[in-house]
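Breakdown of the fold
The lines below spell out each chain.
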Amino acid sequence: MNMVLILSGLALLGAIGVAILWVTTAICGAQLLKSFKETMPGAAFAAAPALFVSGRNPQKVLFFFSKDAERLLAGNVSLLNSRNRFVKLALISAFLPFCLVGCLAVLIILFG
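Presented here is a report on the structure given in the accompanying data block. Note that the structure is predicted; figures quoted are calculated from it, not measured.

**Notes on helix α1 (residues 2–39)**
In this model, α1 (38 residues) spans 55 Å end to end at C-alpha, consistent with the 56 Å of a helix rising 1.5 Å per residue. Taken together, the buried positions of α1 are occupied by L7, G14, V18, L21, T25, C28, G29, L32, L33 and F36. Among the structural elements, α2 (41–47), α3 (59–62), α4 (67–73) and α5 (77–111) are those in contact with the buried residues of α1.

**Observations regarding the nonpolar core**
Counting 15 residues, the largest nonpolar core has F36, L51, F63 and F64 as its most contacted members. If you list the elements that add at least two residues to this core, you get α1, α4 and α5. If one sorts the elements of this core by residue count, α1 sits on top with five residues.

**Regarding the packing of aromatic side chains**
Counted under the stated rule, the structure contains six aromatic pairs. On the numbers, 5.8 Å between centres and 75° between planes, the contact of F36 with F64 is edge-to-face. Of this pair, F36 sits in helix α1 while F64 is found in the loop between α3 and α4, placing the two residues 28 residues apart along the sequence. Just as F36 is buried, F64 falls in that class too. Relative to F86, the ring of F64 lies with its centre 6.4 Å away and its plane at 80°, an arrangement referred to as edge-to-face. With F64 in the loop between α3 and α4 and F86 in helix α5, this pair connects stretches of sequence that are 22 residues apart. Classification of F86 by relative accessible area gives buried; the value is 6%. Linked through ring pairs, F36, F63, F64, F65 and F86 together constitute an aromatic cluster.

**What to know about the environment of G75**
Note on placement: G75 falls in the loop between α4 and α5. Here G75 falls in the exposed class, since its relative accessible area comes to 76%. With twelve residues separating them in the primary sequence, G75 and V87 have C-alpha atoms 18 Å apart.

**Considering the side chain of K60**
Here K60 lies in helix α3. Although K60 lies buried, it forms no salt bridge, and the closest oppositely charged side chain, E38, sits 13 Å away as judged by the N-O distance. A polar side-chain atom of K60 sits 2.7 Å from the main-chain carbonyl oxygen of V53. Residues contacting K60, with those up to four places away along its chain left out, are L33, A50, L51, V53, S54 and G55.

Cut-offs used in this document
- Residues numbered from 1 in each chain as written.
- Predicted model: local features only at pLDDT ≥ 70, side-chain atom pairs only at ≥ 80, totals over all residues.
- Heavy atoms only, no water.
- Helix = DSSP H or I, 4+ residues; strand = E, 2+ residues; numbered from the N terminus.
- Expected span 1.5 Å × (residues − 1).
- Buried < 20%, exposed > 50% of the residue type's maximum accessible area, 1.4 Å probe, protein only.
- Contact = heavy atoms within 4.5 Å.
- Core = buried A, V, L, I, M, F, W, Y, C linked by side-chain atoms within 4.5 Å.
- Phe/Tyr/Trp six-rings, centres within 6.5 Å; stacked < 30°, edge-to-face > 60°.
- Lys, Arg positive; Asp, Glu negative; His and termini not counted.
- Salt bridge = Lys/Arg side-chain N within 4 Å of Asp/Glu carboxyl O.
- Polar contact = N/O pair within 3.5 Å; in protein donor to acceptor, adjacent residues only side chain to side chain.

Here it is in structure tokens:
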């Protein structure tokens, strides 16, 4: 019974950590999009008009993963750093849940 509580606590901590990471990634992406549209509105509209469409659009996120975005932001160091931070957070956000589930499965097998 004691091991069940420990594993449940670890799973809960992992879920909270992933949720915090996802919220941080979303905030970072929204700030990047806002500052990109304010700093370079002409270039942003020419590169991806979908960035200016109101509402949710996957191109708003996927644009920053492209090499075009990297080349376009190369002139602005702060935007390039924000883009790199966002890309790293998004990749970690995509893979961390799988890693945590795998680790939890191994712990269950070993100590379950």
